[in-house]
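As a plain string of letters, each chain reads:
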Amino acid sequence: MKDVYEVCPQFENERFLLRFLSANDAQDLLKVYSDKKAVPLFNCDGCFGDFYFTSLETMQNVIAAWQVEYQKKGFVRWSIIDKCKAEVIGTIELFHRNAEDYFTECGLLRLDLRSDYETASEIERILSLIVPPAFEMFTCDKVATKVIPEAGERKKALLKMNFVLSSEQLVGHDGTKYNDYFVLCK
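Residues numbered from 1 in each chain as written. Predicted model: local features only at pLDDT ≥ 70, side-chain atom pairs only at ≥ 80, totals over all residues. Heavy atoms only, no water.

Asker: How do you make sense of the sheet that holds strand E7 (residues 164-165) when you look at a structure like this?
Answerer: Pairing between the strands of a sheet comes from backbone hydrogen bonds, and it takes one of two forms, parallel or antiparallel. One open sheet accounts for eight strands, arranged E1-E2-E3-E4-E5-E6-E10-E7; its pairing is mixed. The strands lining the two open edges of the sheet, one partner per strand, are strand E1 (11-12) and E7. Sheet topology note: the E1/strand E2 (residues 16-20) ladder contains two bridges and is antiparallel. Across the sheet, residue Phe-11 finds its bridge partner in E2, namely Leu-18. (Pairing = 2+ DSSP bridges. Helix = DSSP H or I, 4+ residues; strand = E, 2+ residues; numbered from the N terminus.)

Right, here's the structure in full:
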């Protein structure tokens, strides 16, 4: 497999396409990041802000910043396209994490999804595209993602995919400890 930071792969099934984030996604992504039902489910551990955006200009700036992070090999952010509706309904971020905690050598995954797609079946359909190749793409022995207790549909999807809730805490670069991570080991 080629380096994900040289050639960002696309993944698709009958319903969804995952492809590298584009500036043209801003209008659709604004619907995701201004969705008051969706935003509380996003993982912003160690990030600046809460990912609630209400202006197109802010969304465009965030997309540009995410693209810069890709160029710096910080993380990859894919747009999730509903092929039936031809619209972007969320994003997935993934990166290889090295740390001094349990979550080292880990592919850390963040799923930001519009609330009308927040069902176990849709989440599983989306994650099944990216989780299996994540181990090789990010040279990791586990994939982890945060699921807060209120996110019952995400939890159902992850348990069906054999993720388990970790008792370990993820320790941020500033020493902050975070809970509620589900892990799938290789």
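Moving on from the model shown.
Asker: Would you explain helix H4 (residues 152-160) in this entry?
Answerer: Three- or four-residue spacings in an α-helix give side chains the same orientation, since the helix completes a turn every 3.6 residues. All of the buried residues in H4 are Arg-154, Ala-157 and Leu-158. All buried residues of H4 project into a common sector of 95° when viewed along the axis, lining one side. Opposite the packed face of H4, turned more than 90 degrees from it, sit the exposed residues Lys-156 and Lys-160. Buried positions along H4 lie against strand E5 (106-113), helix H3 (120-137), strand E6 (142-146) and strand E10 (181-185). (Buried < 20%, exposed > 50% of the residue type's maximum accessible area, 1.4 Å probe, protein only. Arc of directions from axis to C-beta. Contact = heavy atoms within 4.5 Å.)

Asker: What is the right way to read the side chain of Ser-79 from this model?
Answerer: Mapped onto the fold, Ser-79 is located in strand E3 (residues 76-82). For Ser-79, a relative accessible area of 0% gives the class buried. There is a polar contact of 2.6 Å between the side chain of Ser-79 and the side chain of Asp-25. Among all residues touching Ser-79, those that are not within four sequence positions of it are Leu-17, Leu-18, Arg-19, Phe-20, Leu-21, Ser-22, Asp-25, Leu-29, Val-88, Gly-90 and Thr-91. (Polar contact = N/O pair within 3.5 Å; in protein donor to acceptor, adjacent residues only side chain to side chain.)

Asker: Can you walk me through the pairing of E5 in this structure?
Answerer: Side-chain direction in a regular strand flips from residue to residue, so the side chains alternate between the two faces of the sheet. Among the eight residues that make up E5, eight are buried, leaving the element largely enclosed by the rest of the structure. Alternating positions in E5 separate into two faces, Cys-106, Leu-108, Arg-110 and Asp-112 on one and Gly-107, Leu-109, Leu-111 and Leu-113 on the other, with burial throughout. As judged from the eight bridges shared by strand E4 (residues 87-97) and E5, these two strands associate in the antiparallel manner. The partner of Leu-94 across the bridge, within E5, is Leu-109. Taken together, the four bridges between E5 and E6 define a ladder with parallel strand orientation. What sits directly across from Cys-106, in E6, is Lys-142. Crossover handedness for the path E5 to H3 to E6: right-handed. (Right-handed = clockwise from strand over helix to strand, strands pointing away.)

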